[in-house]
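Below, each chain spelled out in residue letters.
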Amino acid sequence: GVRTMALLGRLSRTQSPSYLSGLLVGHEIRGQDPRPSRVHLIGNDRLQIAYARALEVFGVQVQRHSEDLAAAGLYRLATVSREREVASVSVVALP
């Protein structure tokens, strides 16, 4: 494993986290069944690069988006949800 490779000098302390992250990303993608033909990635550049490389190895097309898109999407979902709540409120006139 990663610890053994570090102890044997095959990985430096600075390389170990990246190596382990790569193993986890690859394992996650390999476990996808069925595997999509195209994926949209939203997040920071470091993670997007890792996922994009791994996905491309598995033949998956990748489209990368800024991590700001996640916040914008969550804001839009909250806005739509609030609009639906307001639209579904019934007003009853009392005499």
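Conventions used here
Each chain has its residues counted from 1, following the order in which its sequence is written. Per-residue local features are limited, in this predicted model, to residues with pLDDT of at least 70; the limit for side-chain atom pairs, both in listing and counting, is 80 or more; totals at the level of whole chains, interfaces and linings are taken over all residues. Calculation of side-chain values draws on the structure's entire complement of heavy atoms; hydrogens and water are dropped beforehand. Secondary structure follows DSSP: runs of H or I at least 4 residues long count as helices, runs of E at least 2 residues long count as strands, and numbering of each begins at the N terminus. Expected helix span is computed as 1.5 Å times (number of residues minus one). Whether a residue is buried, partly exposed or exposed follows from its accessible area with a 1.4 Å probe, protein chains only, as a fraction of its type maximum: under 20%, in between, or over 50%, in that order. Contacts are assigned to residue pairs that have any heavy atoms within 4.5 Å of one another. Each polar contact in these results corresponds to two N or O atoms within 3.5 Å; when the atoms are within protein, one needs to be able to donate a hydrogen and the other to accept it, and residues that are neighboring in sequence are counted only if both atoms are side-chain atoms. Every patch collects residues that have over 30% relative accessible area and no salt bridge, joining them within 9 Å if they carry like charges and within 5 Å if they are nonpolar side chains (Val, Leu, Ile, Met, Phe, Trp, Tyr). Reported accessibility uses the Shrake-Rupley method at a 1.4 Å probe radius. Residues are deemed covered only where the shown protein chains occlude them. Salt bridge, as used here, is a side-chain nitrogen of Lys or Arg placed within 4 Å of a carboxyl oxygen of Asp or Glu. Per-residue confidence from the prediction method is given by pLDDT, with values spanning 0 to 100.

### A look at helix α3 (residues 45-57)
The end-to-end C-alpha distance of α3, which contains 13 residues, comes to 18 Å, matching closely the 18 Å that a straight helix rising 1.5 Å per residue would cover. Those residues of α3 not exposed but buried are Gln48, Ala52, Ala54 and Leu55. Buried residues in α3 make contact with α2 (16-30), β1 (38-42) and β2 (61-65). Backbone nitrogen of Arg46 and a side-chain oxygen of the N-cap are separated by 3.1 Å at the start of α3; the cap is Asn44. Positive phi appears at Gly59, one or two residues downstream of α3, with a value of about 80°.

### Some words on unusual backbone geometry
The omega torsion across Asp33 and Pro34 is 0°, close enough to zero to call that bond cis. Position of Pro34 among the secondary structure elements: in the loop between α2 and β1.

### So, a nonpolar patch on the surface
On the surface, Tyr19, Leu20, Leu23 and Leu24 cluster together to form a nonpolar patch covering roughly 360 Å² of accessible area. Note that Leu24 resides in helix α2.

### Here's the deal with α2
Along its 15 residues, α2 runs 21 Å from first to last C-alpha, staying within 8% of the 21 Å computed at 1.5 Å per residue. The complete set of buried residues in α2 reads Ser16, Val25, Gly26 and Ile29. On its buried side, α2 packs onto α1 (2-7) and α3.

### Side note on the confidence of the model for the protein
Residues at a pLDDT of 70 or more form 88% of the protein, whose mean pLDDT is 83. The spread of mean pLDDT over the elements of the protein runs between helix α4 (residues 68-87), the lowest at 79, and β2, the highest at 93. Long-range and interchain partners of residues 89-95, a stretch whose pLDDT sits below 50, account for zero contacts in this model, where long-range means more than four residues apart.

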